[in-house]
2 protein chains.
Amino acid sequence: MALIGKLVVCGVGLIGASFALALRRAGAVGPVVGIGRSREPLERARSLGVIDAIADGWADALDGAELVLIAAPVGQMDAIMAAMAPHLQAGTIVTDAGSTKRDVIDAVRRHLGHRLADVVPAHPIAGAEKSGVEAAFAGLYIDRKVVLTPLAESRPEAVAKVRAAWEACGAGVVEMSPHDHDRVFAAVSHLPHLLAFGLVDDLARRPNAPLLFSHAASGFRDFTRIAGSHPEMWRDICVANRGALLDELDTYLAELAQLRGLLAAGDGPGLEAVFERARRARNAWADGLPVQTAE
Amino acid sequence: MALIGKLVVCGVGLIGASFALALRRAGAVGPVVGIGRSREPLERARSLGVIDAIADGWADALDGAELVLIAAPVGQMDAIMAAMAPHLQAGTIVTDAGSTKRDVIDAVRRHLGHRLADVVPAHPIAGAEKSGVEAAFAGLYIDRKVVLTPLAESRPEAVAKVRAAWEACGAGVVEMSPHDHDRVFAAVSHLPHLLAFGLVDDLARRPNAPLLFSHAASGFRDFTRIAGSHPEMWRDICVANRGALLDELDTYLAELAQLRGLLAAGDGPGLEAVFERARRARNAWADGLPVQTAE
């Protein structure tokens, strides 16, 4: 018997479609039904075998569903939950793949207050340069991390089911508070995305942009890979988590002000000390070692 | 007959050692002699077959040499050229692999003024996460770009020889003015390095650094890869090119101030427009298309 009976995937982009493919490959899921704001990606998902059927509205989608994954940009969560709320049956577990958690939980409390025991907010830490159902693959979550931020009201069986589903996809699951989640990811994910988008935009608007880009090499390629990310998704993340992100940006601006001072003074030893500290931390992390606070 | 007779490599790190290995593989070089500030990497380079012999000082190194590659952090160029100047024979071509060019050319004019016809400054656009002779490999320069910034005094035969050597390594060679070189690479290379070092340093100094790094994922990995670069090399680049780099940093700080304003205002459409413009430029570049100035 499959771990999950009927699965509903709301949003068949990279994240939602890869979840379905991974569960199918694991033999861990029954029928998979897709729903979303536009018809075309759903048709593609069906023809690619990602979903079995396209739901005819939320009543149809939720009929007999065991698990619902909402895998949409976080700016859509409010409207999605409002639409599903009247049709949500007791016992159907609802989870999401939103990159921010406090705002998603606000939407949960606004619209699904009658079903909090069945809601388990989550965030799979996975992405790829490409988005959309065509980019999806069953192995996306292997050895990736998924953060669960259960509500105080989430029933343990629902949390266990969501955990087991992600583990069946090959992911490692951890739990955090929504507050900690949003602060940590503002620092290690949202800020780097903002910085990379900003650098590419800065260069792209120059009159000599063709010359500049023609000399960019592998360091630039890696630094700016995340500037190829989905603009709507990142717009929503930035707006949803703007408090934490502004704090991170301001801390970083202070770091840049310090570096600017060292540069202006031609202070080689001062610059080298910063670079050395960064290299040590980065290499330890890349080697899988714990990173201690630098002195 | 080999393209180059005796080759002297000053600095047997990633760049210098890979140049020697690439020329050897191409059958394009005679004896290769190493010289450098410390003995130990030279011993390793000899035992790895990168060089045939370790020079016993500059007089020994330059005796009968056809080409000298100075592959050292740019902060050492002045001292190296001062040391080699008294022993440099007419006709021995001198090139370098310095990441900045105006400062290297200043050092050339200070110390090698009697041999300007034989000097061809250059910058191979290649690097790797690891540095040192152990990281060197013959294929490092395949399909990479090498920028030559010849002096007005450089004789055409010397320029052609240096070009041919890099082409034998598999690289594509272009020529630029030193001024253009230093401005372009401040934007597409030096600034991204400074930003990546700064971000990792910012996070590494936090009391919760272990937590933050434990949740960093693939986007962070790529964004910060260049923060694993050689601190001394990057110290020297930043100090040598600080005028252009300060200009780039200030332009970027203006971009961040604009993004900060959009964030603080919760201006989703404004953020999305920036992200979309950046994504379009980045994807065009990654697909090998020319990048036009964005509107």
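Residues numbered from 1 in each chain as written. Chains lettered and ligands numbered in written order. Predicted model: local features only at pLDDT ≥ 70, side-chain atom pairs only at ≥ 80, totals over all residues. Heavy atoms only, no water.

Labelled according to an unreviewed UniProt entry, chain A appears under the name Protein TyrC, originating from Thauera aromatica K172.

Peer 1: Is there a simple way to think about the packing of helix 12 (residues 268-286) of chain A against helix 10 (residues 231-240) of chain B in this case?
Peer 2: A pair of packed helices is characterised by two quantities: the angle between their axes and the separation of those axes. Axis separation between helix 12 of chain A and helix 10 of chain B bottoms out at 9 Å; the angle between their running directions is 140°. One way to sum up the angle between helix 12 of chain A and helix 10 of chain B is to call them oblique. At the point where helix 12 of chain A passes helix 10 of chain B, the crossing takes the right-handed sense. Of the residues in helix 10 of chain B, those in contact with Gly268(A), Pro269(A), Leu271(A), Glu272(A), Phe275(A), Glu276(A) and Arg279(A) of helix 12 of chain A are Pro231(B), Glu232(B), Trp234(B), Arg235(B), Cys238(B) and Val239(B). When its residues are assigned to classes, the contact of helix 12 of chain A with helix 10 of chain B shows 7 nonpolar, 1 polar and 5 charged. (Axes fitted to C-alpha atoms, helices over the stretch in contact; angles between N-to-C directions. Helix = DSSP H or I, 4+ residues; strand = E, 2+ residues; numbered from the N terminus. Parallel < 35°, antiparallel > 145°, perpendicular 65-115°, else oblique. Left-handed = near helix turned anticlockwise from the far one by under 90°. Contact = heavy atoms within 4.5 Å. Nonpolar A, V, L, I, M, F, W, Y, C, P; charged D, E, K, R; others polar.)

Peer 1: I keep staring at helix 12 of chain A and nothing clicks. Help me out?
Peer 2: Residues spaced three or four apart along an α-helix face the same direction, because each turn holds 3.6 residues. An ideal rise of 1.5 Å per residue puts 27 Å on 19 residues; helix 12 of chain A measures up with 26 Å between its terminal C-alpha atoms. For helix 12 of chain A, the complete set of buried residues consists of Gly268(A), Gly270(A), Leu271(A), Val274(A), Phe275(A), Arg277(A), Ala278(A), Ala281(A), Arg282(A), Ala284(A) and Trp285(A). Structurally, helix 12 of chain A contributes buried residues whose contacts are with helix 11 (242-264) of chain A together with helix 7 (178-204), helix 8 (209-214), helix 9 (218-223) and helix 10 of chain B. Between a side-chain oxygen at the N-terminus of helix 12 of chain A and the backbone nitrogen of Gly270(A) the separation is 2.8 Å; the capping residue is Asp267(A). (Expected span 1.5 Å × (residues − 1). Buried < 20%, exposed > 50% of the residue type's maximum accessible area, 1.4 Å probe, protein only. Polar contact = N/O pair within 3.5 Å; in protein donor to acceptor, adjacent residues only side chain to side chain.)

Peer 1: Is there a simple way to think about the pairing of strand 7 (residues 122-125) of chain A in this case?
Peer 2: Remember that side chains alternate between the two faces of the sheet whenever the strand is regular. Residue and element names in this part refer to chain A. Neither face of strand 7 is left uncovered, since the one carrying Ala-122 and Pro-124 and the one carrying His-123 and Ile-125 both have all their residues buried. In terms of strand pairing, strand 7 meets strand 8 (residues 145-148) through 4 bridges, oriented antiparallel. Across the sheet, the residue bridging to Pro-124 is Val-146, located in strand 8. (Pairing = 2+ DSSP bridges.)

Peer 1: I tried to follow the relation of the copies chain B and chain A on my own but got confused; where do I start?
Peer 2: What relates the pair of chain copies is a rotation about an axis plus a shift along that axis. At an RMSD of 0.0 Å, chain B and chain A line up after a rotation of 180° and a shift of 0.0 Å along the axis. Accordingly, the operation relating the two chain copies is best matched by a two-fold axis. Of the C-alpha atoms belonging to chain B, the one lying closest to the rotation axis is found on Phe223(B), 2.0 Å away. The fraction of interface residues of chain B whose copies in chain A are also interface residues reaches 100%, indicating that both copies meet through the same surface. (Least-squares fit on C-alpha atoms with pLDDT ≥ 70 in both.)

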